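Residues per chain are reported as follows:
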Amino acid sequence: MSERQRFANLLRNCAKNLLFDQGLQAHGGVVKMGLQLDLMLNNHLIDMYGKCGRMDLAYSVFDRMLERNVVSWTALMCGYLQNGNASRSLSLFRQMRSSGIEPNEFTFSINLKASGILGIPQNGMQIHGVCAKTGFEWVPTVANSIIDMYSKCGRISEATRLFNIMPVKNLISWNAMIAGYTLEGNDDRALLLFRKMQEQGEVPDEFTFTSTLKACSGLGAIWEGSQIHASLITRGFPCSIRATIVGALVDLYVKCGDLFKARRLFDQIELKNVISWSALILGYAQEGNLLEAMELFRQLRESKHQVDGFVLSGLMGVFADFALVEQGKQMHAYTIKAPSGLDISVANSMVDMYLKCGLTDDAERLFGEMPVRNVVSWTVMITGYGKHGLGKEAINLFNRMRLDNIEPDGVTYLAVLSACSHSGLLAESQEHFSRLCSDRQIKPRVEHYACMVDLLGRAGRLKEAKNLIESMPLKPNVGIWQTLMSACRVHGDLDMGREVGEKLLRLDGNNPVNYVMMSNIFAEAGYWKECEKIRKTVRMKGLKKEAGRSWVEIDKEVHFFYNGEDTHPLTEKIHEVLKEMEKKIKEEVGYVHGVRFALHDVEEESKEESLRVHSEKLAIGLALVCGGLGNGEKRVIRIFKNLRVCGDCHAFIKGLSKVLNVVFVVRDANRFHKFEDGLCSCGDYW
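Residues numbered from 1 in each chain as written. Predicted model: local features only at pLDDT ≥ 70, side-chain atom pairs only at ≥ 80, totals over all residues. Heavy atoms only, no water.

Draft legend 1. How the structure looks around the UniProt feature "repeat: PPR" (unreviewed entry) in the chain. Residues annotated in UniProt with the feature "repeat: PPR" (unreviewed entry) correspond here to residues 38-68, 69-103, 170-204, 273-307, 343-373 and 374-408. Counted over residues 69-103, helix gives 74% and strand 0%. Its end C-alpha atoms are 10 Å apart. End C-alpha to end C-alpha, residues 374-408 measures 10 Å, and it is 74% helix and 0% strand. (UniProt positions renumbered as here; feature names shortened; annotations may be inferred. Helix = DSSP H or I, 4+ residues; strand = E, 2+ residues; numbered from the N terminus.)

As structure tokens, this is what we get:
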């Protein structure tokens, strides 16, 4: 065997087994033997350095080559792609073609993958065009890469068209298409294709099962997922050591609400990966079992696995939803030390957590410290300002974002329009809505129109709001009619409210929210017979609205309350302090129970009792019992509710903020309310 061949074999082995130090020594030997200009050996060196993550050395070898062929260029592109620099790969592809060297199937495949990773269909389409002209389009490796690229770029129809006309399909073709449907959220089609490929004699592999199980998770199809699980066991598939499959199975059982099966499977895994840890931790957290979630998170930290950004972002999302400030701050402290804490997605989740916990100052500070911001970062902050009623600040931030050369997407426009809506900034919202409609890259959605309907409704311009819905180029959904219905209730427009209510019941007759809205508008107008008729329909249909739930964090412990709940050990003291507060605000600010928010067919005293046990009042009562009456200093009490705060509770908290000199920050389903000195930041429109 020649020295040249011996070096080639050695470098191939170093690349395969990631032996950087040995590869470096081999490079020294190549130079010593005077073979540094050998084309084949230089190509092996580029490949070895790329696989070992040393792109600086790979490029250095490439740059000194007097002669390059398609293998040289492709090896360098592959290295950049494998090391997370897809843009550099595409740039080299353009340079290679300019130099007169024609790509081969591997060059095309690598750069189609790079286009998919970047989500830029234009690049991928150009490469597809070159493939078609040069006869590579139907080479299986290239055709599969084209399908994968279109799927990842959100062009699933193009991927499907190509898949359907492929002269030869292999397992990778089916896998690419199933993964594409799953990625798009078209889980039904993914399962259909899974069945079809088996009917045509194709045997699924690990990648097929992983994508198909993800599709089952998306559909909540536990029966189909369990069938696949049983099939894997029957085939003797080594699930316990195939980390991706078992991770997908754990995720399936978690998403379908079977945490017992998920945990049993998780405990059987020999080689646990971050996917399975993530699925189970987030499953427990989302179910409200935060103690178990945090215990698993502790075990994950102590294992040899690196906690990835997905887990951190997911947990931050749970803390944000439940407004768990202390746990969120602890997680923030951990992310400072963890390598994945530098991920932009983690930073975005932390900003979101602080905003949803009502801590705008902390969110602003963290946002200002971020070394890099993307469109999500700005959108999270704009959304937060909007929820806090800081519409002007949201608009200023939107303008700053554009000055920073970050282009808004549809979600960003929704955030700024929503912020205008919460602050009643009609002129500003019309300006931004007009800009959105003239943006060729973004199409307005029904949600954007709903913000404009809300603003017009807030201003009492109900006819304009209704005309906007009826003239918009999109089919109105339930949400936009509900927005108009709310405005009709606020302004007491019974005729329009009745008309809109009838539309809602035709569109979505099994949604209890629509009946509640209709009932409320009749109750406030004193039309009790119509009100009772609607409630009777609800009872006959067996519909139940979501139960009102509020919570408050006291001394690092979260206390949850449902309407009418009397299981808390301090219930008696809570009722005593609430009665005392009612008396105080009646005497000092003239508070009167909003009994129209209670049942009309009971005695006045019973109505007042039913209003006293609303969940937000019980949470406030506990905060006052536990020291909220203060010592002269202005204290801030934070309350969180899963539904919209009712009118009586809103009036009660306003009065309470005045007589106690306490600031109440209440987050409901719509927004934040800051009650101070008898006023609310929402301006009594929410």
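Draft legend 2. Inspection of the pairing of strand β1 (residues 549-554) at higher detail. As judged from the six bridges shared by β1 and strand β2 (residues 557-562), these two strands associate in the antiparallel manner. Residue pairing for β2: valine 552 is matched across the bridge by histidine 559. The antiparallel hairpin formed by β1 and β2 contains two residues in its connecting segment, where aspartate 555 sits at a positive phi of about 50°. For β1 and strand β3 (residues 636-641), the ladder comprises two bridges, and the chain directions are antiparallel. From the neighbouring strand, serine 550 faces β3, where its bridge partner is lysine 641. (Pairing = 2+ DSSP bridges.)

Draft legend 3. Here's a closer look at the sheet that holds β3. In spatial order, the strands read β2-β1-β3-β4-β5-β6; together these six strands make up an open sheet with mixed pairing. Both outer strands of the open sheet, β2 and β6 (679-680), are each paired with one neighbouring strand and no more. For strand β5 (residues 672-676) and β6, the ladder comprises two bridges, and the chain directions are antiparallel. For glutamate 676, the partnering residue across the bridge sits in β6 and is leucine 679.

Draft legend 4. Highlighting the layout of surface pockets. Its volume calculated, the second largest pocket comes out at about 1400 Å³. For the second largest pocket, the lining is made up of 49 residues, of which Ala179, Phe207, Thr210, Ser211 and Lys214 are closest to its centre. Taken together, the elements giving at least two residues each to the lining of the second largest pocket come down to α5 (70-82), α7 (105-118), α9 (140-152), α11 (171-184), α13 (206-219), α15 (243-255), α17 (274-286) and α19 (309-321). In the lining of the second largest pocket, the residues fall into 17 nonpolar, 21 polar and eleven charged. (1 Å grid on protein atoms, 1.4 Å probe; cavity = no way out; pocket = protein on both sides within 12 Å on 5 of 7 lines; lining within 4 Å. Points joined across faces, edges and corners; volume = space filled by probe spheres on them. Nonpolar A, V, L, I, M, F, W, Y, C, P; charged D, E, K, R; others polar.)

Draft legend 5. Examining the pairing of β5 more closely. When strand β4 (residues 663-667) meets β5, the two strands line up antiparallel, connected through four bridges. Within β5, the residue paired with valine 665 across the bridge is lysine 674. Linking β4 to β5, which pair antiparallel, is a turn of four residues. The antiparallel hairpin formed by β5 and β6 contains two residues in its connecting segment, where aspartate 677 sits at a positive phi of about 55°.

Draft legend 6. Local environment of the packing of aromatic side chains. Summed over all chains, the structure comprises 17 aromatic pairs. For the ring pair phenylalanine 163 and tryptophan 174, a centre distance of 5.2 Å and an interplane angle of 80° mean the geometry is edge-to-face. Highlighted residues: phenylalanine 163 in helix α10 (residues 156-165) and tryptophan 174 in helix α11, separated in sequence by eleven residues. A ring pair is formed by phenylalanine 398 and tyrosine 413, whose centres lie 5.5 Å apart and whose planes are at 55°; its orientation type is tilted. Linking phenylalanine 398 in helix α24 (residues 391-403) with tyrosine 413 in helix α25 (residues 410-423), this pair joins segments that are 15 residues apart in sequence. Assessed through its relative accessible area of 1%, tyrosine 413 is described here as buried. These aromatic residues form a ring-pair network of at least three members: Phe322, Trp551, Phe560 and Phe640. One cation-aromatic arrangement involves arginine 6 over phenylalanine 7; the distance from NZ or CZ to the ring centre is 5.2 Å. (Phe/Tyr/Trp six-rings, centres within 6.5 Å; stacked < 30°, edge-to-face > 60°. Buried < 20%, exposed > 50% of the residue type's maximum accessible area, 1.4 Å probe, protein only. Lys NZ or Arg CZ within 6 Å of the ring centre and 35° of its normal.)

Draft legend 7. Fine view of empty space enclosed by the protein. The tally for this structure, following the rule as stated, stands at one cavity of 30 Å³ or more. One number sums up the size of the largest cavity: a volume of about 30 Å³. Every residue along the wall of the largest cavity is listed here: Phe561, Glu565, His568, Thr571, Ile574, His575 and Leu618. Ranked by residue count, the leading element in the lining of the largest cavity is helix α33 (residues 571-589), at three residues. In the lining of the largest cavity, the residues fall into three nonpolar, three polar and one charged.

Draft legend 8. Highlighting the environment of serine 2. Relative to the helices and strands, serine 2 resides in the segment before α1 (3-17). Take serine 2: its relative accessible area is 44%, and that puts it in the partly exposed class. A distance of 3.2 Å separates a polar atom in the side chain of serine 2 from the backbone nitrogen of glutamine 5. (Polar contact = N/O pair within 3.5 Å; in protein donor to acceptor, adjacent residues only side chain to side chain.)

Draft legend 9. Representation of the packing of α7 against α9 within the structure. As a packed pair, α7 and α9 sit with axes 8 Å apart at the nearest point and diverge in direction by 10°. Put simply, α7 runs roughly parallel to α9. Along its contact with α7, which presents Glu105, Phe108, Ser109, Leu112, Ser115 and Gly116, the element α9 presents Thr141, Val142, Ser145, Ile146, Met149 and Lys152. (Axes fitted to C-alpha atoms, helices over the stretch in contact; angles between N-to-C directions. Parallel < 35°, antiparallel > 145°, perpendicular 65-115°, else oblique. Contact = heavy atoms within 4.5 Å.)

Draft legend 10. Just a nonpolar patch on the surface, in detail. Together, Ile117, Leu118 and Ile120 line one region of the surface with nonpolar side chains, adding up to about 220 Å² of accessible area. Structurally, the position occupied by isoleucine 120 is in the loop between α7 and α8 (121-134). For isoleucine 120, a relative accessible area of 31% translates into the label partly exposed. (Patch = residues over 30% accessible without salt bridge, like charges linked within 9 Å, V, L, I, M, F, W, Y side chains within 5 Å. Areas by Shrake-Rupley, 256 points an atom, 1.4 Å probe, with all protein chains shown as cover. Salt bridge = Lys/Arg side-chain N within 4 Å of Asp/Glu carboxyl O.)

Draft legend 11. Seen up close, helix α30 (residues 494-507). Relative to the 20 Å expected for 14 residues at 1.5 Å per residue, α30 spans 20 Å between its end C-alpha atoms, a close match to the ideal helical length. Looking at the buried side of α30, the elements it contacts are α28 (462-471), α29 (478-491) and α31 (512-524). (Expected span 1.5 Å × (residues − 1).)

Draft legend 12. Fine view of the confidence of the model for the chain. Looking at the chain as a whole, the pLDDT averages 88, with 95% of positions reaching at least 70. By mean pLDDT, the top-scoring element of the chain is α28 (96), and the lowest-scoring one is helix α34 (residues 604-612) (52). Counting contacts from residues 595-607, a segment whose pLDDT is below 50, to residues more than four positions away or on other chains yields 20 contacts. (pLDDT = per-residue confidence, 0-100.)

Draft legend 13. Looking closely at the packing of α5 against α7. Relative orientation of the contacting elements α5 and α7 amounts to 25°, with a least axis distance of 9 Å. On the basis of their axis angle, the class for α5 and α7 is roughly parallel. Relative to α7, α5 is oriented so that their crossing is left-handed. When α5 is examined against α7, the residues Val70, Thr74, Met77, Cys78 and Leu81 are found in contact with a partner set consisting of Phe106, Thr107, Ile110, Asn111, Lys113, Ala114 and Ile117. Partitioning the contact of α5 with α7 into residue classes produces eight nonpolar, three polar and one charged. (Left-handed = near helix turned anticlockwise from the far one by under 90°.)

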